[in-house]
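So the chains spell out like this:
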Amino acid sequence: MRLPALGLRIKLALVTLVLLALPWAGYNYVREMERFLLEGQEQALLSTARAVATALHDRPGLMRARPTRDDDLRREAEEELRLLAAERGETLPPEDAAIIDREESASRREIAEVAEILKGVERTTSRIWVVTRDLRVLALAGSLKREGAAAEETFTQRALGWLIPRPNEDFDDAIADDVLANGREIAGALQGRPGLRLRNTPDGKAVVISAAHPIWNGDEVAGAVVVEESTNPILSVRSLALERLVVVTLAAFAVAAAVLIWFATRISTRIRRLRDEAETAIDARGRIANLVTGQNAGDEIGDLSRSFSAMLGKLSQHHAYLESMASRLSHELRTPIAVVRSSLENLKLAPADGRVYIERAEEGLRRLGTILTRMSEATRLEQGLASVERERFDLAAVVAGCVEGYRLAYPGKRFDLRRPQEKAMTQGSPDLAAQLLDKLVANAVDFSVGEEPVLIALALADGHAELSVENRGPILPEAMRGKLFDSMVSVRGERSREGKSEPHLGLGLYVARLIAEFHGGGIRAENLPSGAGVAVTASFRSA
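Let me begin by describing the structure that accompanies this report. (Residues numbered from 1 in each chain as written. Predicted model: local features only at pLDDT ≥ 70, side-chain atom pairs only at ≥ 80, totals over all residues. Heavy atoms only, no water.)

## Here's the deal with the nonpolar core
Stated precisely, the cut-off is as follows: Buried residues of nine kinds, namely Ala, Val, Leu, Ile, Met, Phe, Trp, Tyr and Cys, make up a nonpolar core once their side-chain atoms join them within 4.5 Å. For every residue, the accessible area obtained with a 1.4 Å probe (protein chains only) is divided by the maximum for its type, and the residue is called buried under 20%, exposed over 50%, and partly exposed between those limits. Only runs of H or I of at least four residues qualify as helices and only runs of E of at least two qualify as strands under DSSP, and these elements are numbered from the N terminus. Here, two residues are considered to be in contact whenever any of their heavy atoms come within 4.5 Å of each other.
Leu395, Leu436, Leu437 and Ile456 are the most contacted members of the largest nonpolar core, which has 43 residues in total. Counting only elements with at least two residues in this core, the list comes to α13 (395–409), α14 (430–447), β9 (454–461), β10 (464–472), α15 (508–518), β13 (523–527) and β14 (533–541). In terms of residue count, α14 provides more of this core than any other element does, nine residues in total. With near-sequence residues (within four places) excluded, Leu436 lies in contact with Leu467, Ala512, Ile515, Ala516, Ala538 and Phe540.

Right under this line is the structure:
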């Protein structure tokens, strides 16, 4: 099944779909940026954990201090640590009163120093644990929720909320039951290996990055520092970047679509106008008009319009040629037909010898035969050129032989010959070359006036042999220079030679052009610099 034809505007609209590669590339860039930011956040948390652990290295007194805060969250964390120890088969010492009294009797200086460290590690967007070797939560500071993050949403954020969800701080930051039991990073840190882990909050509304680093006391692990932070800041940056990407993409698509629709409408309007003019360029009477649309435009439509106008101009010339051919044939045939008719009528009425009328009738028939022969000469030549065998010959010798013949054929006219001393070798047919020279000489003799000779010159230049025929007489009209070598074009009327009227159909120079092109050259006609005559020059490619 053949698909329906698509208009120019639809095709350009389909081309705009290529712009979808831009938001796709932008989305991938945002995702890559998010990945880099997450990696940076993980390294920052691990660095924070390392810094806090470094402050607690080789300080057993600090690690024995009692926590400065005794809240539900710390007790919940300690309970989870105890469950983790039970699963690992370890037994934690009970917190009896004697242990508590012994810890409370530690120096005030160590307790104050612990308080200062805990105060220094508290951050608004991070939660930090300090866990001892026996899985006691020595410190639990900070919060996973950002303060003041719930800003008022803009119209764009509300409109794109279904497509690009924004993170919020309304999530449960409580310690889940399996955080410590399955805490690979904590277990690894207590064994001396720093670790990272991503986990979801209990309600699944946020993702938390957890980094743990061991605290060393000599060659033994005294505890671990755990730093936690949600990925909401990075997700906020990602959402903001995606929102801007969507807005910019929609704006770019809207502008590009508007520009392309305007451009396609303008082009299609010009093309339709050109089509309408082309359809009406030839009226019912066969008259041809030039196109106007895009004539002065410098784009492809202007080139197309000018090409159409040039084609119509050639068609108009051909139309004029057909009209002139009909009038020329009518003019050329009317005289011999009238001679034959009048001779036959006189022959009927003549009481005596009618030999004179018979001779006149034969002369009319001869002229009719000449017209028909000349009309078919160009056609036969065009068909025969394809089968002519080419040979290498001396054009100078052919020209010299022809000039001797012209002096006998035109005894009342003088001929001058200029030719090079060396041979002028060319590839083609010597008979056709002689026929070309015959046409040029016959044309020069017809237009020659006075006693000035007809000059025939042969010269060699730039790989070509140029054969020119000059005559003194009327100059060539400027309007005829481009069409003189077309078929059925002539600038002369009837001329008499030796008292006989010869028909001229304007085919001689057309035949000469065909022969010159067959020999790899061309032909041209120009007025002499003195303005006293015309020179016709044919070129032949040298062999």
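There is more to say, and it comes next.
## Things to note about the pairing of strand β1 (residues 126–132)
Regular strands place side chains that alternate from one sheet face to the opposite one. What counts, and what does not: The pairing criterion is simple: DSSP has to find at least two bridges between the two strands.
The element β1 is extensively covered by neighbouring structure, given that seven of its seven residues are classed as buried. Pairing of β1 with strand β2 (residues 137–142) involves five bridges; the strand directions are antiparallel. Looking across to β2, one finds that Val130 is bridged to Ala139. Between β1 and β2, which pair antiparallel and follow one another directly, the connecting turn spans four residues, one of which, Leu135, has a positive phi of 60°.

## Describing the pairing of β14
Within β14, eight of the nine residues are buried, leaving the element largely enclosed by the surrounding structure. Sheet analysis places β10 next to β14, joined by nine bridges and oriented antiparallel. Bridge pairing in β14 places Glu470 opposite Ala535. Where β13 and β14 come together, five bridges link them in antiparallel fashion. Looking at the pairing, Arg524 lines up with Thr537 of β14. Taken together, β13 and the strand that follows it, β14, pair antiparallel across an intervening segment of five residues, in which Gly531 is found at a positive phi of about 75°.

## Quick look at the sheet that holds β9
Which entries qualify depends on this criterion: Only C-alpha atoms enter the line fits that serve as axes; for helices the fit covers just the stretch in contact. Angles between N-to-C directions range over 0 to 180 degrees.
One open sheet holds the five strands; their spatial order is β7-β9-β10-β14-β13, and the pairing between them is mixed. Among the strands making up the open sheet, the edge pair consists of β7 (415–418) and β13. Taken over all neighbouring pairs, the strand axes of this sheet differ in orientation by 15° on average, direction set aside. In this structure, β9 lies alongside β10, joined through seven bridges in antiparallel fashion. Opposite Leu460, over in β10, you have Ala465 as the bridge partner. Along the sheet face, α13 touches β7, β9, β10 and β14 and points at about 170° away from the line of β7. α14 rests against β7, β9, β10, β13 and β14 of the sheet, and its axis sits at about 20° to β10.

Purely spatial values, then, with no claim about function.
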